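# Breakdown of the fold
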Amino acid sequence: MKKAPSQKGRLTRKPSFGGYQGVYWDVHNASWVARTQYAGNPLHVGWYYDRMAAAKAYDKAAVFLYGASAITNFGIAACQEDPTQACFA
């Protein structure tokens, strides 16, 4: 029987409680949190009052870290400007 190819190191979309990739609700701070992972380590992007703002911040960080292979919520084109600026689609 043949084994399936390894998925290690492959970027995949994981379910998110916020409805967007990399976004979840922080009960203690009563805000939306954007997080990603780089080189096997979690990376906190920031806290946001708006779920969509957190998703856009996640996209910006993902494109900055992973370039064209990034998994984004709103598309790579929306986040290819200066990574220090807000990402608005």
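Look up: the structure comes first, before these words.
Residues numbered from 1 in each chain as written. Predicted model: local features only at pLDDT ≥ 70, side-chain atom pairs only at ≥ 80, totals over all residues. Heavy atoms only, no water.

## As for the overall build of the protein
Of the regular secondary structure elements, the protein holds one helix and three strands. From first element to last, N terminus to C terminus, the protein shows the α and β order β-β-β-α. Among the 89 residues that make up the protein, the fraction classed as buried is 31%. In the protein, of all internal contacts separated by at least 6 residues, the share reaching a separation of at least 24 is 28%. Within the structure as shown, the protein displays about 6,400 Å² of accessible surface, and the carbon and sulfur contribution to it stands at 58%. (Helix = DSSP H or I, 4+ residues; strand = E, 2+ residues; numbered from the N terminus. Buried < 20%, exposed > 50% of the residue type's maximum accessible area, 1.4 Å probe, protein only. Contact = heavy atoms within 4.5 Å. Areas by Shrake-Rupley, 256 points an atom, 1.4 Å probe, with all protein chains shown as cover.)

## Quick notes on the pairing of strand S3 (residues 41–48)
Here is the key point about a regular strand: its side chains alternate between the two faces of the sheet. Looking at chain direction, strand S2 (residues 31–38) and S3 are connected through seven bridges and run antiparallel. Following the sheet pairing, Val33 is matched in S3 by Trp47. Counting the residues between successive antiparallel strands, the hairpin from S2 to S3 contains two residues, one of them, Ala39, with a positive phi of roughly 55°. (Pairing = 2+ DSSP bridges.)

## Some remarks on the pairing of strand S1 (residues 23–26)
Taken together, the four bridges between S1 and S2 define a ladder with antiparallel strand orientation. Pairing of Trp25 across the sheet is with Trp32, part of S2. Here S1 folds back onto S2, and the loop between the two strands holds four residues, one of which, Ala30, carries a positive phi near 50°.

## Observations concerning the nonpolar core
Core analysis: the largest hydrophobic core is formed by twelve residues, namely Tyr20, Val23, Trp32, Ala34, Ala54, Ala55, Tyr58, Ala62, Val63, Ala70, Ala78 and Cys79. Elements with a minimum of two residues in this core: S2 and helix H1 (51–66). Looking at this core, the element that brings in the most residues is H1, giving five residues. (Core = buried A, V, L, I, M, F, W, Y, C linked by side-chain atoms within 4.5 Å.)

## A short note on the sheet that holds S1
The strand order S1-S2-S3 describes an open sheet built from three strands, whose pairing is antiparallel. Of all strands in the sheet, those with a lone pairing partner are S1 and S3, marking the two edges. For this sheet the average axis-to-axis angle between neighbouring strands, irrespective of direction, equals 35°. Sheet contacts for H1: S1, S2 and S3; angle to S2, the most-contacted strand, approximately 15°. (Axes fitted to C-alpha atoms, helices over the stretch in contact; angles between N-to-C directions.)

Any functional reading would require information that these geometric values do not contain.
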